[in-house]
Amino acid sequence: EDQVTQSPEALRLQEGESSSLNCSYTVSGLRGLFWYRQDPGKGPEFLFTLYSAGEEKEKERLKATLTKKESFLHITAPKPEDSATYLCAVQPYLSNDYKLSFGAGTTVTVRA
Amino acid sequence: EPEVTQTPSHQVTQMGQEVILRCVPISNHLYFYWYRQILGQKVEFLVSFYNNEISEKSEIFDDQFSVERPDGSNFTLKIRSTKLEDSAMYFCASSGKETYEQYFGPGTRLTVT
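Everything quoted here is computed from the prediction, not taken from an experiment.

Conventions adopted
Residues numbered from 1 in each chain as written. Chains lettered and ligands numbered in written order. Predicted model: local features only at pLDDT ≥ 70, side-chain atom pairs only at ≥ 80, totals over all residues. Heavy atoms only, no water. Helix = DSSP H or I, 4+ residues; strand = E, 2+ residues; numbered from the N terminus. Rg over C-alpha atoms; globule rule 2.2 N^0.38 Å. Buried < 20%, exposed > 50% of the residue type's maximum accessible area, 1.4 Å probe, protein only. Contact = heavy atoms within 4.5 Å. Areas by Shrake-Rupley, 256 points an atom, 1.4 Å probe, with all protein chains shown as cover. Lys, Arg positive; Asp, Glu negative; His and termini not counted. Charge placed at Lys NZ, Arg CZ, Asp CG, Glu CD. Pairing = 2+ DSSP bridges. Axes fitted to C-alpha atoms, helices over the stretch in contact; angles between N-to-C directions. 1 Å grid on protein atoms, 1.4 Å probe; cavity = no way out; pocket = protein on both sides within 12 Å on 5 of 7 lines; lining within 4 Å. Points joined across faces, edges and corners; volume = space filled by probe spheres on them. Nonpolar A, V, L, I, M, F, W, Y, C, P; charged D, E, K, R; others polar.

What follows concerns the overall build of chain B. On a plain count of helices and strands, chain B comes out with 0 helices and 11 strands. Element order for chain B, N to C, with α for helix and β for strand: β-β-β-β-β-β-β-β-β-β-β. Relative to the compact-globule value of 13 Å for 113 residues, chain B shows a C-alpha radius of gyration of 13 Å, a close match. Projected onto the principal axes, the alpha-carbon positions of chain B cover approximately 40 × 25 × 25 Å. A burial count over chain B gives 44% of its 113 residues as buried. Long-range contacts, defined here as pairs at least 24 residues apart, represent 54% of the contacts in chain B between residues at least 6 apart. Here chain B displays about 5900 Å² of accessible surface, and carbon together with sulfur accounts for 44% of that area. Across chain B, the centroid of the 10 positively charged side chains sits 3 Å from that of the 15 negatively charged ones.

Structural data, given as structure tokens:
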């Protein structure tokens, strides 16, 4: 069974204080690893897809990296508007199955 | 920018009643999904739908649940006889043929009393 574990559960940062979120996974063949942002009471908002170890993607202050067992989401010089829950999800490499298995998320709070 | 829409945003129903949650996926997408998120818990996969049939379903998706694409734009989730434990946020998602990224709607909050 696919397993996704995110750490820490919560992260409180001062504005400008860079940090990293971890997503470790166990899956029988990885098609893709996905990062989403979720604001309270809203749907997950797509951020990145990573497909192979060594791959990196960036968007504004966010950078996602992937190894064979884990992914990191680096937040550089965060602003209060980066406060959200960040979700990691894996998609196994099965022919007709594109379902996502999510981790519990890391809730990031950025103080001004 | 195209987006997934869902209606209603909030549905309150009594235990044992039937509910239908509606979704309009992104227009050129071919794969459709329902997920749910119980308050404070993980987002959980329910069902995926492609080419007018279910391609995958989870253990949660029992005989009380059904999905349908009644026309070229809507995608619905029906719960035949709601239970208290069905209270959750229900998210619809869609993805295109050339990409595996799933785009989520804003959700329907279902409250069963």
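Having seen the model, we can carry on.
As a further point, take the sheet that holds strand S6 (residues 56-59) of chain A. All names here are of chain A. Taken in spatial order, the 5 strands make up an open sheet running S1-S3-S8-S7-S6, and their pairing is antiparallel. With partners counted over all chains shown, the strands left at the sheet margins are strand S1 (3-7) and S6, one partner each. Averaged over all pairs of adjacent strands, the angle between strand axes in this sheet comes to 15 degrees, irrespective of strand direction. The pairing of S6 with strand S7 (residues 62-66) spans 4 bridges and is classified as antiparallel. Directly across from Lys-57, in S7, lies its bridge partner Ala-64.

Another aspect to go through is the layout of surface pockets. Its volume calculated, the largest pocket comes out at about 540 Å³. If you list the elements that add at least two residues to the lining of the largest pocket, you get S1 and strand S10 (101-102) of chain A together with strand S5 (43-50) of chain B. Classifying every residue of the lining of the largest pocket by side-chain character gives 6 nonpolar, 4 polar and 6 charged.

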